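Chain and residue survey
Read off the chains here:
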Amino acid sequence: MSDDWELKICCMGAGYVGGPTMAVIAKRCPKIRVCVVDISQKQIDAWKTDDLPIYEPGLLEVVQECRGRNLFFSTDIAAEIEAADIIFISVNTPTKTQGIGAGRAANIKNCELCARTIADVATTGKIVVEKSTVPVRTAQAIARVLQSNEKGLKFQVLSNPEFLAEGTAIADLMKPDRVLIGGQQSEEGLAAAAKLVSVYAHWVPREQIITTNLWSSELSKLVANAFLAQRVSSINSISALCEATGADVLEISRAVGMDDRIGKRFLQPSIGFGGSCFQKDILNLVYLCETYGLNECAAYWNQVILMNDFQKKRFSEKIVASMFNTVTGKKIAMLGYAFKKDTGDVRETPSMFVLRDLVHEQAHVHVYDPQVKREDMWIEMDYTCGMNKDNTPRLEESVVTAPDAYAACEKAHALLILTEWDEFKTYDYKKIYESMMKPAFVFDGRNLLDHDALRAIGFEVHALGKPDPLKFSDL
Ligand SMILES: NC(=O)c1ccc[n+]([C@@H]2O[C@H](COP(=O)([O-])OP(=O)(O)OC[C@H]3O[C@@H](n4cnc5c(N)ncnc54)[C@H](O)[C@@H]3O)[C@@H](O)[C@H]2O)c1
Ligand SMILES: O=c1ccn([C@@H]2O[C@H](COP(=O)(O)OP(=O)(O)O[C@H]3O[C@H](CO)[C@@H](O)[C@H](O)[C@H]3O)[C@@H](O)[C@H]2O)c(=O)[nH]1
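Residues numbered from 1 in each chain as written. Chains lettered and ligands numbered in written order. Predicted model: local features only at pLDDT ≥ 70, side-chain atom pairs only at ≥ 80, totals over all residues. Heavy atoms only, no water.

This next bit is on the sheet that holds strand S13 (residues 441–444). Taking strand neighbours across the sheet as the criterion, the 6 strands line up as S11-S10-S9-S12-S13-S14 in an open arrangement whose pairing is parallel. Since the sheet does not close on itself, it has two edges, and those belong to strand S11 (399–401) and strand S14 (460–463), each with one partner. The average undirected angle you get between the axes of adjacent strands in this sheet is 20°. As judged from the 5 bridges shared by strand S9 (residues 331–335) and strand S10 (residues 364–368), these two strands associate in the parallel manner. By the bridge assignment, Leu-335 is partnered in S10 with Tyr-368. Against the sheet, helix H12 (residues 295–322) engages strand S12 (414–417), S13 and S14, with an angle of about 165° to S13. In the packing of helix H14 (residues 374–385) onto the sheet, contacts are made with S10 and S11, and the angle to S11 comes to roughly 145°. (Pairing = 2+ DSSP bridges. Helix = DSSP H or I, 4+ residues; strand = E, 2+ residues; numbered from the N terminus. Axes fitted to C-alpha atoms, helices over the stretch in contact; angles between N-to-C directions. Contact = heavy atoms within 4.5 Å.)

Rendered as structure tokens:
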């Protein structure tokens, strides 16, 4: 190992955030040594191959450029902590499943464990950076664990939440809207923050690197996700009203979004938001509000989740109701399973809830997604819906993962668009129509396809928040 490094960074947690974030730091800062560590040998082994543990456009190229140069992956956590000047904690902080706050509070046990490991093995003081999304004031707990080391070592704790979105992680990291760094407002705290600023300043314009106190930084992350999810729930609530009145939700998104004060983005109706962050972080915010006795604030944010649940359920019910109130024994093709395009991530994917409902209705579901692995579908189904092959014997036999969309649609009664993958727009829908049972239904949960063209082919199309031409006409 060269000793000429400008700085040495260790990141605990080689997941969706730790891996891409550190890869981009390594790319942009060739003189900084970056090592990503994890307790999972399997995860680290995969990062050392070209079959990376996560799919993210552009990630492999960045990893290939830096791996072995200044980007390393290891399970030797103690050695890497010892070598590092700055240690990022980028571990998972899922919603608690048991005990006080179960179903709402974030479980920060992995963060605490990282702090304990650092306190145990470090022989010199370090800057410890919370990269994970955590409840406000977690830095206090981390600092207390670190300061209780018996070696008299001094640690500085910073908050540096991550705002990347999956599917666009590399672009987001290369050109972030902002980098947020929170620190203690003491001389040592400000010096630590300045050191982290200097890392990002290798490629992020200085005016886009914001420094705040610790608590503002921690809380800003939860607030950003709550605001984004609130927009999705807002437009989804309007999609239901559009279906009842003959208004068109896409025309509304356009008309409303052109107001600069509102903005165009995040007004795309869907079958509900998914992903590992939105629901978890809003629940975390709701729990914090309740903890501080702010029950009205808690109820306000909880409504964003309730609206999301309503939207997911509404979509399944629409399918069954439109198909003569029964899908029992019918083949249904599900195109897309990931929670958004350009990722294989299925955590909290809304497709899972539609699949669950269709299995309950005894349909035969054929799923095609370009990136999702079948085993990941079952892990998430068990974790989030409590459904597995032991308690639902029909589950695995009534769900087929198809090799392509054409196979999924052959002899199907309905085709569902659940993820907005670009390739779904390029298919030969005439050929698909001819291979399907009649009437052939399309339920477009993303408003991805050309509905007029599909109707001209012969499909019966139901699209989210779009007027049904059989039901509504102009004046
Ligand atoms: N996924 C996202 O898009 C995203 C974006 C912004 C922020 N976040 C936040 O970042 C954090 C990490 O999320 P993620 O999606 O990368 O999670 P992840 O589950 O993909 O990865 C977490 C990794 O941490 C490892 N880990 C757990 N405990 C450890 C320990 N004690 N020492 C070393 N490694 C340990 C796990 O083995 C796992 O590989 C969460 O708090 C999340 O809310 C996620
Ligand atoms: O107009 C929209 C925009 C998004 N979604 C859905 O919302 C979910 C989340 O999408 P997105 O925010 O793009 O992806 P995430 O990877 O979950 O990223 C969010 O969560 C991350 C984890 O905290 C944050 O870092 C990001 O800033 C934040 O956008 C997905 O199911 C999308 O399909 C919609 O339905 N309509």
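Another aspect to go through is the packing of helix H9 (residues 214–245) against helix H10 (residues 249–257). Any two packed helices are characterised by the angle at which their axes cross and by the distance between the axes. Taken N-terminus to C-terminus, the directions of H9 and H10 make an angle of 135°; their axes are 9 Å apart at the nearest point. What the angle tells us is that H9 and H10 run oblique. H10 is crossed by H9, and the crossing has right-handed handedness. Here H9 contributes Ile-235, Ile-238, Ser-239 and Cys-242 to the contact with H10, which in turn contributes Val-249, Ile-252 and Ser-253. When grouped by side-chain class, the residues that make up the contact of H9 with H10 number 5 nonpolar, 2 polar and no charged. (Parallel < 35°, antiparallel > 145°, perpendicular 65-115°, else oblique. Left-handed = near helix turned anticlockwise from the far one by under 90°. Nonpolar A, V, L, I, M, F, W, Y, C, P; charged D, E, K, R; others polar.)

Describing an aromatic ring pair means giving the distance of the ring centres and the angle of the ring planes. What the rule picks out here adds up to 13 aromatic pairs. On the numbers, 5.6 Å between centres and 50° between planes, the contact of Tyr-200 with Trp-203 is tilted. Of the residues examined, Tyr-200 reaches a relative accessible area of 4% and is grouped as buried. Overall, Trp-203 belongs to the buried group, its relative accessible area being 15%. With a centroid separation of 6.4 Å and an interplanar angle of 55°, the aromatic rings of Tyr-368 and Phe-424 are classed as tilted. Within this pair, whereas Tyr-368 is found in strand S10, its partner Phe-424 is found in the loop between S12 and helix H17 (429–435), the two being separated by 56 residues in sequence. In this structure, Lys-312 packs its charged tip against the face of Phe-353, placed 3.8 Å from the ring centre. (Phe/Tyr/Trp six-rings, centres within 6.5 Å; stacked < 30°, edge-to-face > 60°. Buried < 20%, exposed > 50% of the residue type's maximum accessible area, 1.4 Å probe, protein only. Lys NZ or Arg CZ within 6 Å of the ring centre and 35° of its normal.)

Turning next to the site of ligand 1. Surrounding ligand 1, one finds 23 residues, the nearest of these being Val-17, Asp-38, Thr-93, Glu-166 and Lys-280. Residue Thr-93 places a side-chain N or O atom 2.6 Å away from an oxygen atom belonging to ligand 1. The contact in question runs from an oxygen atom of ligand 1 to an N or O atom on the backbone of Thr-133, over 2.9 Å. When ligand 1 sits alone it has 830 Å² of accessible area, and the protein chains cover 91% of it. Across the shell around ligand 1, the residue classes tally to 7 nonpolar, 10 polar and 6 charged. The residues that make up the shell around ligand 1 include at least three from each of domain 1 (7–204) and domain 2 (260–463). (Near = heavy atom within 4 Å. Polar contact = N/O pair within 3.5 Å; in protein donor to acceptor, adjacent residues only side chain to side chain. Areas by Shrake-Rupley, 256 points an atom, 1.4 Å probe, with all protein chains shown as cover. Domains from an automatic or database assignment.)

Cis geometry is adopted by the peptide bond preceding Pro-439, which originates at Lys-438 and carries an omega value of -5°. Topologically, Pro-439 is positioned in the loop between H17 and S13. In this structure, Asn-325 takes a positive phi of about 65° despite not being glycine. Mapped onto the secondary structure, Asn-325 falls in the loop between H12 and S9. One non-glycine residue, Asp-342, adopts positive backbone phi at about 65°.

With 44 residues, the main nonpolar core has Ile-9, Met-22, Ile-25, Leu-71, Phe-88, Ile-181 and Tyr-200 as its most contacted residues. Apart from the residues lying within four places of it in its own chain, the contact partners of Ile-9 are Met-22, Ile-25, Ile-32, Arg-33, Val-34, Cys-35, Ala-84, Ile-86, Phe-88 and Val-199. Formed by 34 residues, the second largest nonpolar core is a distinct cluster that contains Val-320, Met-352, Met-377 and Leu-395. (Core = buried A, V, L, I, M, F, W, Y, C linked by side-chain atoms within 4.5 Å.)

It is a general feature of regular strands that their side chains alternate between the two faces of the sheet. Within S9, 5 of the 5 residues are buried, which leaves it mostly tucked inside the rest of the structure. Covered by surrounding structure in S9 are Lys-331, Ala-333 and Leu-335 together with Ile-332 and Met-334, the residues of both alternating faces. One crossover worth recording links S9 to the parallel S10 by way of helix H13 (residues 350–360), and it is right-handed. When S9 meets S12, the two strands line up parallel, connected through 4 bridges. (Right-handed = clockwise from strand over helix to strand, strands pointing away.)

Here we come to H10. Regarding H10, the residues found buried are Val-249, Ser-253 and Gly-257. One side of H10 holds all its buried residues, which, seen down the axis, span an arc of 60°. Along H10, exposed side chains directed more than 90 degrees from the buried face belong to Glu-251, Arg-254 and Ala-255. On its buried side, H10 packs onto H9. (Arc of directions from axis to C-beta.)

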